[in-house]
Amino acid sequence: MATTSSAPATTATYPTRPRAAVAAAVIALVLIGLNLRAGITGASALLHDLQQVLGYGPLVASLIPSIPTLCFAVAGAATSWLTGKLGVEKAILLSLGMLAGGLLLRGIPTTGMLVAGTVVGMSGLAVCNVSMPSFIREHFAARTSLMTGVYTVTMTSGATAMAVVVVPLSQALGSPSAGLGTIGVLALSAFLGFLPVTLHAHRNTARKTAGHISPWPLLRTKTGRLLTGIFTLQALLAYALLSWFPYMLTTMGLSAADSAIMFGVMQLVSVPAGMVLIAIGSRPRMLRPAVYLATLTMTAGIAALLFLPVSQAVIPAVLLGFGLGIFPLVMVIISRSGRSTAETTALSTLAQSTGYLLATVGPFGMGLLHSATGSWTLPLALLLAIAVVQIAVAHMLSSRRAAGVSAAGTGAAGTGAAGTGAAGMKE
């Protein structure tokens, strides 16, 4: 573990950007955030209706919620290379085009188009997911915690709104596929909103094209493993719940509308939860209490979902929503890791691509286990065990981040074969 130097701290200097460019970047950040989970939660709220209308079987029903994490792993693994070739802004613009196109494609009422559109859209989303910490570092270097908070709050807000709105919207349109396809219009607005940022970056000849650092050697460092571990566990828990929570409540006896409301409550609680956790974790020596609060609440929420009657679904919805607030805290740590945009991208690629690949077990396994047993008891018991493991990994991560997520880092993310520091933050 790195030791804190006794030398006087140096004040970092950041390049000054035109106000119009800063405003455009903030608007683009908000629009992107609104789209990064809307397509997932919108599909989750409609899974039951889509299966009834399109008539696909349990294998496809288990596969569809697993596609996002698979795409995040496979497409996300190429993001470090892609941003090195195109630059962060052009890579994000390309990803937003794929997202909008894929989500619009899902509006065609066939199982094939539902699957194909999800693959295309989620592949674009994968590139955007991995690139955003680097974008925040590049454009808001002096305000990474603040802008990560804005980004994650808008992301959760978009997911919450879509979870609540998509069911009545689909009923008004007379088709769950049509309701699902309308989410693509929101993604198209993000693509158009990001165009000015990309054009400004293209015209700014003083800015260097992002280099490429291989992310995989960082897995041999302790920090790389811990970041990957915590990201994997929170992603597995989050996507298992985001994919199946409303369907689970519906099969337990709630109406589809009430299940969607509970799903919205869970998402809504995660908005202030993320901000509270960032505020706590950014204070010196307070990262460990923040991760304890998030992980213990998640564990309690899964236990409540397993043991309480469905009539009290609001209790696990609130607890789980607060537990989901760990995501922005992890993203702040990633955004502040590494000495350069390329190093941040490498760590983000490692954590997200590896994490999402392993996290695919969550939504896919939940669906298969429920189909095999006819009950949610075994899937929820396994999620509870994983939540306990998350507490242990969070404990180890926070012991290496004792200075808090607000401390700017000096450790290398690893420019050599194996990397040595990978911390990118004071430890």
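So, how was this worked out
- Residues numbered from 1 in each chain as written.
- Predicted model: local features only at pLDDT ≥ 70, side-chain atom pairs only at ≥ 80, totals over all residues.
- Heavy atoms only, no water.
- Axes fitted to C-alpha atoms, helices over the stretch in contact; angles between N-to-C directions.
- Helix = DSSP H or I, 4+ residues; strand = E, 2+ residues; numbered from the N terminus.
- Parallel < 35°, antiparallel > 145°, perpendicular 65-115°, else oblique.
- Contact = heavy atoms within 4.5 Å.
- Nonpolar A, V, L, I, M, F, W, Y, C, P; charged D, E, K, R; others polar.
- Expected span 1.5 Å × (residues − 1).
- Buried < 20%, exposed > 50% of the residue type's maximum accessible area, 1.4 Å probe, protein only.
- Arc of directions from axis to C-beta.
- Phe/Tyr/Trp six-rings, centres within 6.5 Å; stacked < 30°, edge-to-face > 60°.
- Lys NZ or Arg CZ within 6 Å of the ring centre and 35° of its normal.
- Polar contact = N/O pair within 3.5 Å; in protein donor to acceptor, adjacent residues only side chain to side chain.
- Patch = residues over 30% accessible without salt bridge, like charges linked within 9 Å, V, L, I, M, F, W, Y side chains within 5 Å.
- Areas by Shrake-Rupley, 256 points an atom, 1.4 Å probe, with all protein chains shown as cover.
- Salt bridge = Lys/Arg side-chain N within 4 Å of Asp/Glu carboxyl O.
- Core = buried A, V, L, I, M, F, W, Y, C linked by side-chain atoms within 4.5 Å.
- Domains from an automatic or database assignment.
- pLDDT = per-residue confidence, 0-100.
- 1 Å grid on protein atoms, 1.4 Å probe; cavity = no way out; pocket = protein on both sides within 12 Å on 5 of 7 lines; lining within 4 Å.
- Points joined across faces, edges and corners; volume = space filled by probe spheres on them.

Peer 1: Explain the packing of helix H5 (residues 79-86) against helix H7 (residues 111-139) to me, and be specific about the residues and the numbers.
Peer 2: Look at H5 against H7: their axes get within 10 Å of each other, and the N-to-C directions meet at 75 degrees. Considering their axes alone, H5 and H7 lie roughly perpendicular with respect to each other. Together, Thr79, Leu82 and Thr83 of H5 and Ala126, Val127, Val130 and Ser131 of H7 make up the contact between the two elements. Across the contact of H5 with H7, the residue classes break down as four nonpolar, three polar and no charged.

Peer 1: Can you lay out helix H17 (residues 361-373) for me, pointing to particular residues and giving the numbers?
Peer 2: Between its first and last C-alpha atoms H17 spans 17 Å; for 13 residues at 1.5 Å apiece the expected length is 18 Å, and the two agree. Within H17, the full set of buried residues consists of Gly362, Pro363, Met366, Gly367 and His370. The buried residues of H17 all sit within an arc of 125 degrees when viewed along its axis, so they share a single face. Exposed side of H17, more than 90 degrees from the buried face: Val361 and Ala372 are the residues found there. Immediately downstream of H17, the backbone of Gly374 shows phi near 70 degrees, a positive value.

Peer 1: Requested: an account of the packing of aromatic side chains, with residues and values cited.
Peer 2: For the coordinates displayed, the defined rule picks out 11 aromatic pairs. On the numbers, 5.1 Å between centres and 90 degrees between planes, the contact of Phe231 with Tyr356 is edge-to-face. With Phe231 in helix H11 (residues 222-252) and Tyr356 in helix H16 (residues 341-359), this pair connects stretches of sequence that are 125 residues apart. Side by side, Phe231 and Tyr356 carry an identical accessibility label, which is buried. Ring centres 6.4 Å apart and planes at 80 degrees place the aromatic pair Tyr247 and Trp376 in the edge-to-face group. One end of the pair, Tyr247, is in helix H11; the other, Trp376, is in the loop between H17 and helix H18 (377-399), with 129 residues separating them in the sequence. Residue classification places Tyr247 among the buried positions, given a relative accessible area of 15%. Feature note: the residues Phe72, Phe231, Tyr239, Phe327 and Tyr356 constitute an aromatic cluster, connected by ring pairs. Against the face of Phe327 rests Arg37, its NZ or CZ located 5.4 Å from the ring centre.

Peer 1: So what's going on with the environment of Arg37? Which residues, and what values?
Peer 2: Locating Arg37 in the fold gives a position in the loop between helix H1 (19-35) and helix H2 (38-54). Residue Arg37 is classed as buried on the basis of its relative accessible area, which comes to 8%. Apart from the residues within four sequence positions on either side, Arg37 is in contact with Asn129, Met155, Ala159, Tyr239, Phe327 and Tyr356.

Peer 1: Summarise the side chain of His139; cite the residues concerned and give the values.
Peer 2: Turning to its location among the elements, His139 is positioned in helix H7. Within polar-contact distance, the side chain of His139 engages the side chain of Glu89 at 2.7 Å.

Peer 1: I'd like to hear about a nonpolar patch on the surface, residue by residue, with values.
Peer 2: Residues Leu308, Val314, Ile315 and Val318 make up a contiguous nonpolar surface patch of roughly 270 Å² in combined accessible area. Structurally, the position occupied by Leu308 is in the loop between helix H13 (287-307) and helix H14 (314-323).

Peer 1: Hey, could you go over the nonpolar core for me, with residue numbers and the actual values?
Peer 2: Grouped together as the largest cluster of nonpolar side chains are 113 residues, with contacts concentrated most on Ile92, Met132, Phe135, Phe194, Phe231, Phe245 and Leu383. Ranked by residues supplied to this core, first place goes to H11 with 18 residues. Taken together, domain 1 (19-200) and domain 2 (215-406) each give at least three residues to this core, which thus spans both. Ignoring any residue separated from it by four or fewer positions in sequence, one finds Leu383 in contact with Leu236, Leu237, Ala240, Leu241, Ile302 and Met366.

Peer 1: Tell me about the confidence of the model for the protein chain, and name the residues and values.
Peer 2: Overall, the predicted model of the protein chain reaches an average pLDDT of 80, with 86% of residues at or above 70. Confidence, expressed as mean pLDDT per element, reaches its minimum in the protein chain at H16 with 79 and its maximum at H14 with 95. For residues 205-210, every residue scores under 50 in pLDDT, and the model assigns this stretch 10 contacts once sequence neighbours within four places are set aside. Overall, residues 401-427 carries pLDDT values under 50, and its contacts beyond four positions in sequence, including any with other chains, amount to 89 contacts.

Peer 1: Tell me about empty space enclosed by the protein, and name the residues and values.
Peer 2: Applying the stated criterion across every chain, the model contains five cavities of 30 Å³ or more. Considering only enclosed or pocket space, the largest cavity measures out at about 240 Å³ in volume. Lining of the largest cavity is provided by 21 residues; of these, Arg37, Met155, Thr156, Leu324 and Phe327 occupy positions nearest its centre. Here the lining of the largest cavity takes six residues from H11, the largest share from any one element. Residues of the lining of the largest cavity, tallied by class, amount to 13 nonpolar, seven polar and one charged. When residues of the lining of the largest cavity are sorted by domain, at least three fall in each of domain 1 (19-200) and domain 2 (215-406).

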